[in-house]
Amino acid sequence: MPDSQPQPARGPDGDATAASGDGALVLCGARLADGRVVDVRLSGGRIEAVGTAGSLAPGPRIELGGYLLLPAPAEPHAHYDTALTADIAGPVSLGAEDVQRRATEAALLQLSHGATAVRSHVRIGDVRGLRSLEAVLQARRALRGLVDVSAVAVPRLLTGVAGADGLAMLRDAVKMGATVIGGCPDLDPDPAGFAEAALAVATEHGCAVDLHTEGADPVRLARLAAMAGGLRPGVGLGPCGGLARLPYDQAARVAEQLAAAGVTVVCLPQGDCCVWGGGMRVSTCAPVRLLRAAGVKVAAGSGSLRDAANAVGRGDPLEAAFLLASHGELSPAQAYEAVSVRARAAMGLAEVRVEAGFPAELLAVRGAGLAGVLSLGYSRLVVHRGRVVARTSAVREYCDSQAAVALDLPRQSPRGADPS
């Protein structure tokens, strides 16, 4: 079978030519989710044209036969200050250099999965002060042009005497470059007061709000929804796994209140990113079908990436979508929408479609359809701002048996090719 890896553009001498976000690049022969096989021309960081296969003018091009071309996913709920620490023996270093290195590695790993934009929650206060936030912001600057990273400032307390320091540091975090107000009201002695203070700071600075809550207390969620109603640029809550453990009638009422307030729920199908009471990790996913039926906007994120809360977290948006579909919460198309279109909307990003005029934020995955891609999407090509920024090529080989030859089993490299 022919080599199924995306092929780089070739110059007149047969050498690979770099594709620039400023110049034109044609993605050739890609299949869209609706089944059409098309060429897509990118220019100036946007999709310039979409035409039938072979119809667009020649130039730098990448062959994507056998790949499904999709709007790129985004990661709405990461924790880069603690990412990749599960295997560290002893206390985790909070030094700026170590946090920046981990944040950079985590962002590049998620970029290889297809996420061209990431929202990372970063804890501030206590002994760490603003050091972790500054390190994540340094990583953001270093990664510019590869992946867009935004930071959520996460104070521990915002009420009482101790909360005064948290409020002051939260305002400093915004001045430093955090663009979202976060935190966990459940951990404050006055959860309603915490939420009220966070919303007030967000209104003061024109920031979005993204609060972490288990969502197990329907009265608390209802109060939060009432406070958040109408706030712009928006309020997100997650992971809300506790909603799934409430009686159906209670959960349905809360869902209606969240929908009326315009709150977005960011669920984490791969497991919660906190260890709740008793040292037990709670991994229930929010009741996505119930929330969507009530009209709640639901996005999906990855949460922990190999840290104390989830030592095996992959940070893969396609895995989050796979879990939503495999557990029967959503269809494959709806599940992918939760990690792409809905995730981008939750982060305040521009909509992406594979249509002319839209941002060139794209993911090509080896596979014929969404179900297959979510099941076994290993080989990937990632486009950010019209430029190919990451490739992952899986090689599948079988021994030379009569069964393999007779069935013409699929390979991801030709016989005798160097898999590297």
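On a predicted model such as this, the values are computed, not experimentally measured, just so you know.

Criteria and thresholds
Residues numbered from 1 in each chain as written. Predicted model: local features only at pLDDT ≥ 70, side-chain atom pairs only at ≥ 80, totals over all residues. Heavy atoms only, no water. Helix = DSSP H or I, 4+ residues; strand = E, 2+ residues; numbered from the N terminus. Buried < 20%, exposed > 50% of the residue type's maximum accessible area, 1.4 Å probe, protein only. Contact = heavy atoms within 4.5 Å. Areas by Shrake-Rupley, 256 points an atom, 1.4 Å probe, with all protein chains shown as cover. Core = buried A, V, L, I, M, F, W, Y, C linked by side-chain atoms within 4.5 Å. Pairing = 2+ DSSP bridges. Salt bridge = Lys/Arg side-chain N within 4 Å of Asp/Glu carboxyl O. Polar contact = N/O pair within 3.5 Å; in protein donor to acceptor, adjacent residues only side chain to side chain. Expected span 1.5 Å × (residues − 1). Arc of directions from axis to C-beta. Right-handed = clockwise from strand over helix to strand, strands pointing away. pLDDT = per-residue confidence, 0-100. Axes fitted to C-alpha atoms, helices over the stretch in contact; angles between N-to-C directions. Parallel < 35°, antiparallel > 145°, perpendicular 65-115°, else oblique. Left-handed = near helix turned anticlockwise from the far one by under 90°. Nonpolar A, V, L, I, M, F, W, Y, C, P; charged D, E, K, R; others polar.

### Things to note about the overall build of the protein chain
- Assigned secondary structure in the protein chain consists of 12 helices and 18 strands.
- Counting the 420 residues in the protein chain, one finds 52% classified as buried.
- Residue pairs in contact within the protein chain that sit at least 24 positions apart in sequence constitute 71% of those at least 6 positions apart.
- On the protein chain, roughly 17800 Å² of surface is accessible, and the fraction owed to carbon and sulfur atoms is 53%.

### Some thoughts on the environment of glutamine 257
- Position of glutamine 257 relative to the elements: it lies in helix H6 (residues 248-261).
- For glutamine 257, a relative accessible area of 36% gives the class partly exposed.
- In the structure, glutamine 257 is positioned 39 residues away from valine 296 in sequence and 8.9 Å away in space, judged by C-alpha atoms.

### Looking at the nonpolar core
- Counting 85 residues, the largest nonpolar core has Leu133, Ile181, Leu243, Leu258, Leu291 and Leu324 as its most contacted members.
- Those residues in contact with isoleucine 181 that lie beyond four places of it in its chain are Val152, Ala153, Leu170, Val174, Ala198, Val201, Ala202, Cys207, Ala208, Val209, Asp210 and Leu211.
- Counting residues in each nonpolar core, the second largest holds 19 residues, with Leu27, Leu69, Ala364 and Val388 among its members.

### Here's the deal with the sheet that holds strand S7 (residues 117-123)
- As summarised here, the arrangement of the 8 strands in space is S6-S7-S8-S9-S10-S11-S12-S15, forming an open sheet in which the pairing is parallel. Every interior strand has two partners, whereas the edge strands, strand S6 (75-78) and strand S15 (297-300), have only one.
- Across 4 bridges, the pairing between strand S12 (residues 264-267) and S15 is parallel. By the bridge assignment, cysteine 267 is partnered in S15 with alanine 300.

### Observations concerning the pattern of salt bridges
- Across all of its chains, the model carries 17 salt bridges by this definition.
- Residue arginine 36 pairs with aspartate 34 through a salt bridge whose shortest N-O separation is 2.8 Å.
- The exposure class assigned to arginine 36 is partly exposed, which follows from its relative accessible area of 44%.
- Overall, aspartate 34 belongs to the exposed group, its relative accessible area being 52%.

### Observations concerning unusual backbone geometry
- A cis amide bond links glycine 238 to the next residue, proline 239, at an omega of -5°.
- Along the polypeptide, proline 239 turns up in strand S11 (residues 235-239).
- Of note, the phi angle at cysteine 240 is positive, near 60°, even though the residue is not glycine.
- In this fold, cysteine 240 is placed in the loop between S11 and H6.
- Judged by relative accessible area, cysteine 240 falls into the buried class, the value being 0%.

### Remarks on the side chain of arginine 41
- Looking at the secondary structure, you find arginine 41 in strand S2 (residues 37-43).
- Side-chain polar atoms of arginine 41 contact the side chain of glutamate 48, separated by 2.5 Å.
- Not counting chain neighbours up to four residues away, the residues in contact with arginine 41 comprise Ala24, Leu25, Val26, Arg46, Ile47, Glu48, Ala49, Leu56 and Ala57.

### Quick word on helix H3 (residues 160-176)
- For H3, built from 17 residues, the straight-helix expectation of 24 Å at 1.5 Å per residue is met to within 8% by its first-to-last C-alpha distance of 24 Å.
- Within the sequence span of H3, burial applies to Gly163, Gly166, Leu170, Ala173 and Val174. Each buried residue of H3 sits inside an arc of 95° when the element is viewed along its axis, so together they form one side. Exposed side of H3, more than 90 degrees from the buried face: Val161, Asp165 and Lys175 are the residues found there.
- Elements in contact with the buried residues of H3: helix H2 (131-142), strand S8 (148-154), strand S9 (180-181) and helix H4 (191-205).

### A closer look at the pairing of S12
- Residues Thr264 and Val266 point to one face of S12 and Val265 and Cys267 to the other, with burial holding for every one of them.
- Alignment of S11 against S12, held across 2 bridges, turns out to be parallel. Opposite glycine 236, over in S12, you have threonine 264 as the bridge partner.
- Taking the sense of rotation as the criterion, the β-α-β connection linking S11, H6 and S12 turns out right-handed.

### Quick notes on the confidence of the model for the protein chain
- Confidence along the protein chain averages 89 in pLDDT terms, with 87% of residues attaining 70 or more.
- Taken as a whole, residues 7-20 scores under 50 in pLDDT and shows 21 contacts with residues more than four places along the chain or in a different chain.
- Low pLDDT (under 50) marks residues 413-420, which in the prediction has 9 contacts with non-local residues, meaning those over four places away or in another chain.

### Brief notes about the packing of helix H1 (residues 96-113) against H2
- Running from amino to carboxyl end, H1 crosses H2 at an angle of 45°, the nearest separation of the two axes being 8 Å. By the criterion of interaxial angle, the relationship of H1 to H2 is oblique. Note that H1 runs across H2; the crossing there is right-handed. Here H1 contributes Ala96, Val99, Gln100, Ala103 and Thr104 to the contact with H2, which in turn contributes Ser132, Ala135, Val136, Gln138 and Ala139.
- For the contact of H1 with H2, a count of residues per class yields 6 nonpolar, 4 polar and no charged.

### A few points about the environment of arginine 385
- Position of arginine 385 among the secondary structure elements: in the loop between strand S17 (380-384) and strand S18 (387-392).
- You can call arginine 385 partly exposed: its relative accessible area is 39%.
- Separated by 25 residues in the primary sequence, arginine 385 and alanine 360 place their C-alpha atoms 5.3 Å from one another.

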